[in-house]
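Each chain, letter by letter, is given below.
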Amino acid sequence: MTQDASPRVGEIMTRDVVVVGADDSLQDVARLMARHRVSGFPVVQGGRVVGVISEGDLVRRFRALRVPLFVDVLGGVFPLGSLAEVERTLREIASVKVSDLMSRPAVTARPEWTLQRASEEMVRRRINRLPVVDEEGRLVGIVTRVDLVRTMAGAAEGGSP
């Protein structure tokens, strides 16, 4: 804990961060989100954070592409629309890269920030995560709204972050 007893981002951040690259496919990102049960990743290039990709970015893209609907008929799944339309949309989805959708520049935090400052930044920017970077812009961790809530819950129970 810091001298003034205010918890700092560096004390609660996740240090083992799953990252993606700007050239990764949306399909790869969606798989990672499902596997790691997270809603977004820092996008890293050369060790530095260049953007952030989130579930919201993916959902907006799928909506814009008008992903074909499928229907279950007697245990078989069939597209509502032509097979050519489905194939075209799936090819387009497969061709989209993280760099096409990521938010940039990334809004980042520093390890020495107070949790108050991090939470204010998240609320003001309407974001759920802040990659944490060192003075040279290299990723050192990530802090999320969930981390802040866990810390508040621990403090409310008389624990420490």
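Quick note: structure is the one above.
For every chain, the first residue of the written sequence is number 1, and numbering continues from 1 onward in sequence order. Since the coordinates come from a predicted model, pLDDT governs what is reported: local features require at least 70, and pairs of side-chain atoms require 80 or more to be given and counted, while whole-chain, interface and lining totals use all residues. Note that the side-chain values use all heavy atoms of the structure and ignore hydrogens as well as water.

Asker: Help me understand the nonpolar core in this model?
Answerer: Within soluble globular proteins, side chains that are nonpolar tend to cluster in buried spots. Only buried Ala, Val, Leu, Ile, Met, Phe, Trp, Tyr and Cys residues count toward a nonpolar core, and they belong to the same one when joined by side-chain atoms within 4.5 Å. Partly exposed residues are those whose accessible area sits between 20% and 50% of the maximum for their type, while under 20% is buried and over 50% is exposed, using a 1.4 Å probe and protein chains only. Grouped together as the largest cluster of nonpolar side chains are 14 residues, with contacts concentrated most on Val20, Val29, Phe41, Val43, Ile53 and Val98. Secondary structure elements are defined from DSSP: runs of H or I of at least 4 residues count as helices, runs of E of at least 2 residues count as strands, and each element is numbered from the N terminus. Breaking this core down by element, the ones donating at least two residues are helix H2 (26–36), strand S1 (40–45) and helix H5 (98–101). The greatest single-element share of this core, amounting to 4 residues, is contributed by H2. In this structure, Met13, Ala118, Val143 and Leu148 belong to the second largest nonpolar core, which totals 13 residues.

Asker: Is there a simple way to explain the pairing of strand S5 (residues 129–133) in this structure?
Answerer: The two faces of a sheet get side chains in turn, since along a regular strand they alternate between them. Judged by how many residues are buried, S5 sits mostly within the fold: 5 of 5 residues are covered. Burial along S5 is two-sided: the residues Arg129, Pro131 and Val133 and Leu130 and Val132 are all buried. In this structure, S5 lies alongside strand S6 (residues 139–144), joined through 5 bridges in antiparallel fashion. Following the sheet pairing, Val133 is matched in S6 by Leu139. Where S5 folds back on S6, the antiparallel hairpin that results is connected by 5 residues, among which Gly137 adopts a positive phi of roughly 85°. In this analysis, strands are considered paired if DSSP registers two or more bridges between them.

No statement about biological role is implied by the geometric values presented.
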